[in-house]
Amino acid sequence: MTTTPRPAPTPAIAADLAPTGTLRASVNLGNPVLAQGTPEAPSGITVDLAREIGARLGLPVELLCFDAARKSFEAMADGRADLCFLAVDPARETEVAFTAPYVVIEGVYAVPRDSGLTTVEDVDVPGIRIGVKQGSAYDLFLSRSLAHATVVRGEEGVDTFRKEGLEVGAGIRQPMTSYVAEHPEVRLIEGRFMEIRQAVGTTVTRAPETVAFLRATVEELKANGFVADSLRRAGQDSALLAPPA
């Protein structure tokens, strides 16, 4: 078996990625697959990745915690964070240089139990309103891909779906499955409407060597079991591990 060479960190990469001398990583606590805990004591795969990258570069790590992906993205765009953990999306790639994904999760639909909607394809018709979390990967995806249904944005997609009496709610499979288990009047539509490819990112202004270091590091951590082990420790399914780039 061939061993992937460990990507070499350098002082130049550390200085480029963390110009303040501290690696500032934005963490989205709004995605329970990727991060858990509180802003004071966050945990999960994104926290583990941030600390591992910081350790390899010899940098202290500051975790900036947010409750939504759009806020995590804004921290990157505003220069408040050096590293982010977001879903790869064309709308973000103008400002974020992404690695390949380390985790792949699914976007799914919830509907009232007595709804006539039974497939993902049934949803994209006139008159259907879909509750989404504003600025989420599935908001971005549905906003550009739906031909007939309407996106309704809120702080939480499933809350917007419930409070506004919408026909559909969109979200990530794991929390949506938990929600449905607690609300028997709601069911999930079979299948997924999208794959959400979660990756590490930094700004596109970073040096090519810095981006290459991040990409190689993520691939090594996928291959050596780091990502799968971190997922298991967080109570998540290690099968979410993304395939090699």
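Throughout this document, residue positions are counted from 1 along each chain, in the order its sequence is written. Per-residue local features of the predicted model are confined to residues with pLDDT of at least 70, and side-chain atom pairs are confined, for both listing and counting, to 80 or more; whole-chain, interface and lining totals are unaffected and use all residues. With hydrogens and water set aside, each side-chain value is computed from the structure's full complement of heavy atoms.

Enquirer: Looking at this structure, I do not really get the overall build of the protein chain. What am I missing?
Expert: Helical segments are the DSSP runs of H or I of at least four residues, strand segments are the runs of E of at least two, and each set is numbered from the N terminus. Looking only at helices and strands, the protein chain features 10 helices and 12 strands. For the protein chain, whose C-alpha radius of gyration is 19 Å, the value lies close to the compact-globule estimate of 18 Å for 245 residues. Over its C-alpha atoms, taken along the principal directions, the protein chain stretches across nearly 60 × 40 × 35 Å. A 1.4 Å probe rolled over the protein chains alone gives each residue an accessible area, and that area as a share of the maximum for its type sets the label: buried under 20%, exposed over 50%, partly exposed in between. In the protein chain, buried positions account for 52% of the 245 residues. With residues, only the protein chains shown are counted as cover, and all accessible areas are computed by Shrake-Rupley using a 1.4 Å probe. Counting every atom, the protein chain has about 10,900 Å² of accessible surface; 53% of that belongs to carbon and sulfur. Taken together, the 24 basic and 32 acidic charged side chains of the protein chain have centroids lying 2 Å from each other. Put simply, the radius of gyration uses C-alpha atoms, and a globule should come to 2.2 Å times the residue count raised to 0.38. A residue counts as positive if it is Lys or Arg and as negative if it is Asp or Glu; His and the chain ends are not included. Each charge is placed at NZ for Lys, CZ for Arg, CG for Asp and CD for Glu.

Enquirer: Can you help me understand the pattern of salt bridges in this one?
Expert: Oppositely charged side chains can pair when the atoms bearing their charge come close. Put simply, a salt bridge is a Lys or Arg side-chain nitrogen that is within 4 Å of an Asp or Glu carboxyl oxygen. If you walk through the whole model with that rule in mind, you get 18 salt bridges. Here Asp 89 and Arg 144 are joined by a salt bridge, their closest N and O atoms 2.8 Å apart. Here the residue Asp 89 occupies a position in the loop between β5 (84-87) and α4 (90-93), and Arg 144 occupies one in helix α6 (residues 137-145), the gap between them amounting to 55 residues. Residue Asp 89 is classed as buried on the basis of its relative accessible area of 2%.

Enquirer: Honestly, the nonpolar core in this entry has me stumped. Any pointers?
Expert: It is characteristic of soluble globular proteins that their nonpolar side chains tend to be buried jointly. Grouping buried Ala, Val, Leu, Ile, Met, Phe, Trp, Tyr and Cys residues that are joined through side-chain atoms within 4.5 Å yields what is termed a nonpolar core. Core analysis: the largest hydrophobic core is formed by 55 residues, its most contacted members being Tyr 102, Tyr 109 and Ile 130. Core analysis: the second largest hydrophobic core is formed by 13 residues, Cys 84, Leu 86, Val 96 and Ala 199 among them.

Enquirer: Could you clarify how one ought to interpret the pairing of strand β10 (residues 168-172) in this entry?
Expert: Regular strands show a simple pattern: their side chains alternate between the two faces of the sheet. When you tally the buried positions in β10, you get five out of five residues, the bulk of the element. We call two strands paired when DSSP finds no fewer than two bridges between them. Relative to β10, strand β7 (residues 103-112) is paired through four bridges, and the arrangement is antiparallel. In the sheet register, Gly 107 faces β10, and the bridge partner there is Ile 172. In this structure, strand β8 (residues 129-133) lies alongside β10, joined through two bridges in parallel fashion. Of the residues in β10, the one forming a bridge with Ile 130 is Val 168.

Enquirer: Would you take a moment to explain the packing of helix α2 (residues 45-57) against helix α9 (residues 208-223) for this structure?
Expert: Two measures define how a pair of helices packs: the angle their axes make with one another and the distance between the axes. Contact pair α2 / α9: the axes reach a minimum separation of 12 Å and the direction vectors enclose 120 degrees. Between α2 and α9, the angle falls in the class oblique. The handedness of the crossing between α2 and α9 comes out as right-handed. For the pair α2 and α9, contact is made by Leu 49, Glu 52, Ile 53, Arg 56 and Leu 57 and by Phe 213, Leu 214, Thr 217, Glu 220 and Leu 221, respectively. Within the contact of α2 with α9, the residues separate by chemical class into six nonpolar, one polar and three charged. Angles run from 0 to 180 degrees between N-to-C directions of axes, and those axes are lines fitted to C-alpha atoms, restricted for helices to the stretch in contact. Throughout, the term roughly parallel applies to angles under 35 degrees, roughly antiparallel to angles over 145, roughly perpendicular to angles from 65 to 115, and oblique to all others. Put simply, a crossing is left-handed when the front helix is turned counterclockwise from the back one by less than a right angle, and right-handed when it is turned clockwise. Here, residues are in contact when the closest pair of their heavy atoms is within 4.5 Å. In this count, Pro and Cys sit with the nonpolar residues alongside Ala, Val, Leu, Ile, Met, Phe, Trp and Tyr, while Asp, Glu, Lys and Arg are called charged and the others, Gly among them, polar.

Enquirer: Can you walk me through the state of the cysteines in this structure?
Expert: Cysteine pairs can be linked by a disulfide, which is a covalent bond between their two sulfur atoms. In this description, a disulfide is simply a cysteine sulfur pair whose atoms lie within 2.5 Å. Under the definition given, this model contains zero disulfides. The cysteine Cys 65 is free of any disulfide, with Cys 84 supplying the nearest cysteine sulfur at 14 Å. Classification of Cys 84 as buried rests on a relative accessible area of 0%.

Enquirer: How should the packing of α2 against helix α10 (residues 226-233) be read in this particular structure?
Expert: Contact geometry for α2 and α10: axes closest at 9 Å, N-to-C directions at 135 degrees. Judged on the interaxial angle alone, α10 and α2 are oblique. For the crossing formed where α2 meets α10, the hand is right-handed. In this structure, α2 uses Ile 45, Asp 48, Leu 49 and Glu 52 to contact α10, whose residues at the interface are Phe 226, Val 227, Ser 230, Leu 231 and Arg 233. Here the contact of α2 with α10 is composed, by residue class, of five nonpolar, one polar and three charged.

Enquirer: Just to check I follow, could you spell out the side chain of Gln 36 for this structure?
Expert: Following the sequence through the fold, Gln 36 ends up in strand β2 (residues 36-37). On the basis of relative accessibility, which here comes to 18%, the residue Gln 36 falls in the buried class. The definition of a polar contact used here is a pair of N or O atoms within 3.5 Å, where within protein one atom must be able to donate a hydrogen and the other to accept one, and adjacent residues in sequence count solely through side-chain atom pairs. Side-chain polar atoms of Gln 36 contact the backbone oxygen of Pro 32, separated by 2.8 Å. Among all residues touching Gln 36, those that are not within four sequence positions of it are Leu 29, Ala 41, Pro 42, Ser 43, Gly 44, Ala 234 and Gln 236.

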